[in-house]
Amino acid sequence: MLDELRPPHVPKAVIRAFAEAFYGISGDLTPMEGERDLNHRIGHGEGGGFILKLCQPAEGVAIPECQAAALEHIASVDPSLPVPRLVRARDGSMLSSLSHGGIDYPVMVLEWLEGRVLGTGTLRAPRLFELGSMLARLGLALRGFVSGAPAQRELVWDTSRVSHLAPYISCLDPQDQDMANRILAFHAGVTAPAMRKMRSQIIHGDIHPYNVLIQADGQVSGLIDFGDMVHGPLILDLANAASDFLSPDQKVEETITALVKGYHSVIPLEETEADALVDLIQVRLLMTPLIDALKRAHGISPQGYFEGFNGRSLPMIRALEQFGIERLRSIIRRAAAFPAQPSRHPATLGDAIARRRRVMGEKLYVFYDPPLHIIKGEGVWLTASDGRRYLDCYNNVPHVGHCHPYVTAAIARQAGILCTNTRYITDQSVEYAERLVQLAGDDLTAVVFVNSGSEANDLAWRMAKAFTGSTGGLAMDFAYHGVSEAIDAFSPSNSPGHWNAPHVRLLPPPDTYRGPYGSEQKDAGQRYAALADPLIDDLFQKGFGLAAAMIDSAFMTNGMLDAPAWYLAGIVQKVQAAGGLFIADEVQSGFGRMGSAFWGHSHHKVKPDFITIGKPAGNGHPIGAVITRPDILSHFLSFGPFFSTFGGNNVSCAAGLAVLDVIRDEELVDNAYHCGNYLREGLRDLMDRHAIIGDVRGVGLATGVELVKDRANKNPAASETARLLSLLRDEGVLIGSEGKFANILKIRPPIVFTRDHADLAVAAVDRALARL
């Protein structure tokens, strides 16, 4: 390895004759600097010419062959990237061999690359950004290049091998030895293990001011000297450049921020890479004085620009420490589009509660006592701040699973391209509308985008009033449809005991377990539907008429009812016969949750006038839409324009499209059907052991388990239900409660829920009921 630190010695006359004989090039020879290779420029003048590199024979021929092949690879995949171009010998070979003094020297010839070596100059932020992006382009160009030589190379400048330099710390001044030991200890304990998981490939390995060319106007025009190519973490090229371009004459944060932003604009950094960068910068700076000590210990004198680098390295490390390592790490994270600090959670749950109360009000509307501090979601699992994972059997908003990688990637990708509104023609909104129309079927071919289910229901209600000229509405008792003032009238569950909406009538739920008509009655659906007749009559008698009925097809807030056949069809028939319209609120029941069909209303074989959707359509990303008939929309717009500033924005529509892809590709509608049936079978089996279970019902992955004090009189077991939820939390399973009496277990998981998850949930319910 030490022989590699000295360049060869061959007379110019020998080199000149060789160049003419093997390459057909001639001209004056001008020596060029090189740490290990003997370099000459041939035939320059005003411009042009060649570089002849007499390579260090101690490294063998594999390394220069790799360099030559890499340069040809780069030329083929990114021809505009300004790096030297290889000149092949007359016989077509990439390399040739010069014999002198009994030694064979590998020879490589390159075209002269125009530009001036930056050297001791500095680059301002815009040029550093250019350099960062050019360096990333080089990383992309080398991504597909494969060669075994760099992986086996023992190069003294390879940061991955910095531990070999530790013995030379004793050669530093005493005041610097503690600092050096601290840097290498942190590297060995933290950064080096992290590097083993980072993206790795063949990299340039030595981007510094003497390997960067600039034009007369200061623009970066080339990257040269591929002599230090190694196989290592991709981030090392950026770390090396960041350390070597630091200057006492330039702000640390300006240099590093510009380089990182430029690199990140082409190759987005991973978070572990961004966090390791400041440590790798320190290590690179430290390597210079340690390699100087190694050279001096073996009688090798420093040459050229090395002395200048050596003189600045330790002062720059001290300057970084004075600036603040953690402060610099935060700056790097921001430059790479990560939060300035990784998430740091309050030390205790009490601290988290107090922090929330200070800014979100004294009254905590949360699940459980004490509440859970959730910090991560994945699939059907939620992770709390203490590291415990919980099976999520409740949350419907992450419809295809928490943080589904396909959906999150679609959101991130689109957020990096464009996010604007539908007053411009954009591809995502049109494509998403086309997909929704295709799924809606029939004559529902007009889509209006908003930002939530509440907004969608609010808009559908406005359209219904405009189209019919009426102002009266029908909703289910204890329904929930949103939080706007208009939709609060259709959501009596928002304020039980205080609901008051003179223009809305509430339908008794079609509850065949607790209601007046049981499942044993074949005409139960028609009987429940008939209960709408006096309510509709009353709306007309009071002068409201009937504009619309708004119903959630899964009857979630009523306890996940499996409504009897023909109930909803009967309601829709009566509403439309009275001149009203039917709003199918598909926020909770749609997108395959009910298993038998994509839409909840399709399960009931009805044809709505409106379909409304909300956040589950975007897997939690804010999105909402009204899908209706063109004549209804046209009539509404005849009164004036409608526009939602961010309804239908590109990112939300990208999320929506991704969710549709996942539902289709992972066959989640079918999964909801089969897994839901399997889950309910398991829960019904528990009825033999637990008399508190009065009823198990539902459709697809919308399941209700009604708990009663005794099965004979069906008295609601509300307090027992509340206690059971806490016991289930202790079991690691999250389930909600529902219903007017708060005695129904609400099991409504993401629809990626599987039979294995169902087994876990049923077993947990069994154990919790036994403890109850």
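In the block above lies the structure referred to throughout.
## A word on the packing of helix 8 (residues 271-297) against helix 10 (residues 325-335)
Running from amino to carboxyl end, helix 8 crosses helix 10 at an angle of 135°, the nearest separation of the two axes being 9 Å. As judged from the angle between their axes, helix 8 and helix 10 are oblique. Crossing hand, helix 8 versus helix 10: right-handed. Across from Glu271, Ala274, Asp275, Leu277, Val278, Asp279 and Gln282 in helix 8, the residues of helix 10 making contact are Ile325, Leu328, Arg329, Ile332 and Arg333.

## Details of the pattern of salt bridges
Per the counting criterion, the structure on display carries 41 salt bridges. With its nearest N and O atoms 2.8 Å apart, the salt bridge here joins arginine 333 to aspartate 275. One end of the pair, arginine 333, is in helix 10; the other, aspartate 275, is in helix 8, with 58 residues separating them in the sequence. Judged by its relative accessible area of 1%, arginine 333 falls in the buried class. The salt bridge partner of glutamate 738 is lysine 746, with a shortest N-O separation of 2.7 Å. Note on accessibility: glutamate 738 and lysine 746 belong to one class, buried.

## Re the nonpolar core
Ranked by internal contacts, the top residues of the largest apolar core, which has 92 residues, are Leu131, Phe245, Val260 and Leu286. At 14 residues, helix 8 tops the list of elements feeding residues into this core. Those residues in contact with leucine 131 that lie beyond four places of it in its chain are Leu123, Ile207, Val212, Val220, Leu223, Phe245 and Leu259. The next biggest cluster of nonpolar side chains, apart from the first, holds 67 residues, and it includes Ala384, Phe598, Ile693 and Leu727.

## Let's talk about the pairing of strand 14 (residues 389-392)
Pairing of strand 13 (residues 381-384) with strand 14 involves 3 bridges; the strand directions are antiparallel. The residue of strand 14 that forms the bridge with threonine 383 is arginine 389. Linking strand 13 back to strand 14 in an antiparallel pair, the connection comprises 4 residues, with glycine 387 at a positive phi of about 95°. Direction of pairing for strand 14 relative to strand 24 (residues 733-734): parallel, over a ladder of 2 bridges. Directly across from leucine 391, in strand 24, lies its bridge partner valine 733.

## Quick word on helix 14 (residues 453-468)
Over its 16 residues, helix 14 extends 22 Å from the first C-alpha to the last, a length consistent with the 22 Å expected when each residue adds 1.5 Å. Among all positions of helix 14, only Gly453, Ser454, Ala456, Asn457, Asp458, Leu459, Ala460, Trp461, Met463, Ala464 and Ala466 are buried. Measuring from the backbone nitrogen of serine 454 back to the side-chain oxygen at the start of helix 14 gives 3.5 Å, which picks out serine 452 as the cap. Phi turns positive, to about 75°, at glycine 469, one or two residues after helix 14.

## Topic: helix 21 (residues 650-665)
Every α-helix carries 3.6 residues per turn, so stepping three or four residues along brings you back to the same face. Given a rise of 1.5 Å per residue, 16 residues ought to cover 22 Å, and the 22 Å separating the end C-alpha atoms of helix 21 matches this to within 8%. Put simply, asparagine 649 is the residue that caps the front of helix 21, since its side-chain oxygen is 3.0 Å from the backbone nitrogen of valine 651. With its phi angle positive at about 50°, glutamate 667 sits one or two positions after the end of helix 21.

## A closer look at the sheet that holds strand 9 (residues 212-214)
Strand order in the open sheet made by the 3 strands is 7-9-10, with antiparallel pairing throughout. Strands at the two margins of the open sheet, each flanked by one partner only, are strand 7 (116-117) and strand 10 (220-223). Where strand 7 and strand 9 come together, 2 bridges link them in antiparallel fashion. What sits directly across from valine 117, in strand 9, is leucine 213. Strands in contact with helix 3 (residues 125-142) are strand 9 and strand 10; relative to strand 10, the strand with the most contacts, it is inclined by about 35°.

## Observations concerning the environment of phenylalanine 642
The residue phenylalanine 642 is located in the loop between helix 20 (630-637) and helix 21 in this model. Under the relative-accessibility criterion, phenylalanine 642 is labelled partly exposed at 26%. Sequence spacing of phenylalanine 642 and leucine 382 is 260 residues, and the spatial spacing of their C-alpha atoms is 39 Å. Those residues in contact with phenylalanine 642 that sit more than four places away from it in its chain are Val448, Phe449, Val450, Leu459, Arg462, Phe636 and Leu637.

## Details of the packing of aromatic side chains
Inspection of every chain in the model, using the stated rule, returns 12 aromatic pairs. Among the aromatic residues, those joined into a ring-pair cluster are Phe18, Phe22 and Tyr23. Across the ring face of phenylalanine 323, the terminal group of arginine 327 is positioned such that the distance to the ring centre comes to 3.9 Å. Against the face of phenylalanine 643 rests arginine 423, its NZ or CZ located 3.9 Å from the ring centre.

## Side note on the side chain of asparagine 421
Within the element layout of this structure, asparagine 421 appears in the loop between helix 12 (405-415) and helix 13 (427-440). For asparagine 421, a relative accessible area of 15% gives the class buried. A distance of 2.9 Å separates the side chain of asparagine 421 from the backbone nitrogen of arginine 423, its partner in a polar contact. Non-local contacts of asparagine 421, meaning those with residues more than four positions away in its chain, are made with Thr426, Phe643 and Thr645.

## What to know about the side chain of glutamine 282
As for its placement among the helices and strands, glutamine 282 is situated in helix 8. By relative accessible area, glutamine 282 is classed as buried at 6%. Not counting residues within four places of it along the chain, the set of residues in contact with glutamine 282 comprises Ile183, Ile317, Leu320, Glu321 and Ile325.

About the cut-offs
Residues numbered from 1 in each chain as written. Predicted model: local features only at pLDDT ≥ 70, side-chain atom pairs only at ≥ 80, totals over all residues. Heavy atoms only, no water. Axes fitted to C-alpha atoms, helices over the stretch in contact; angles between N-to-C directions. Helix = DSSP H or I, 4+ residues; strand = E, 2+ residues; numbered from the N terminus. Parallel < 35°, antiparallel > 145°, perpendicular 65-115°, else oblique. Left-handed = near helix turned anticlockwise from the far one by under 90°. Contact = heavy atoms within 4.5 Å. Salt bridge = Lys/Arg side-chain N within 4 Å of Asp/Glu carboxyl O. Buried < 20%, exposed > 50% of the residue type's maximum accessible area, 1.4 Å probe, protein only. Core = buried A, V, L, I, M, F, W, Y, C linked by side-chain atoms within 4.5 Å. Pairing = 2+ DSSP bridges. Expected span 1.5 Å × (residues − 1). Polar contact = N/O pair within 3.5 Å; in protein donor to acceptor, adjacent residues only side chain to side chain. Phe/Tyr/Trp six-rings, centres within 6.5 Å; stacked < 30°, edge-to-face > 60°. Lys NZ or Arg CZ within 6 Å of the ring centre and 35° of its normal.

Interpretation in functional terms is not warranted from these geometric data alone.
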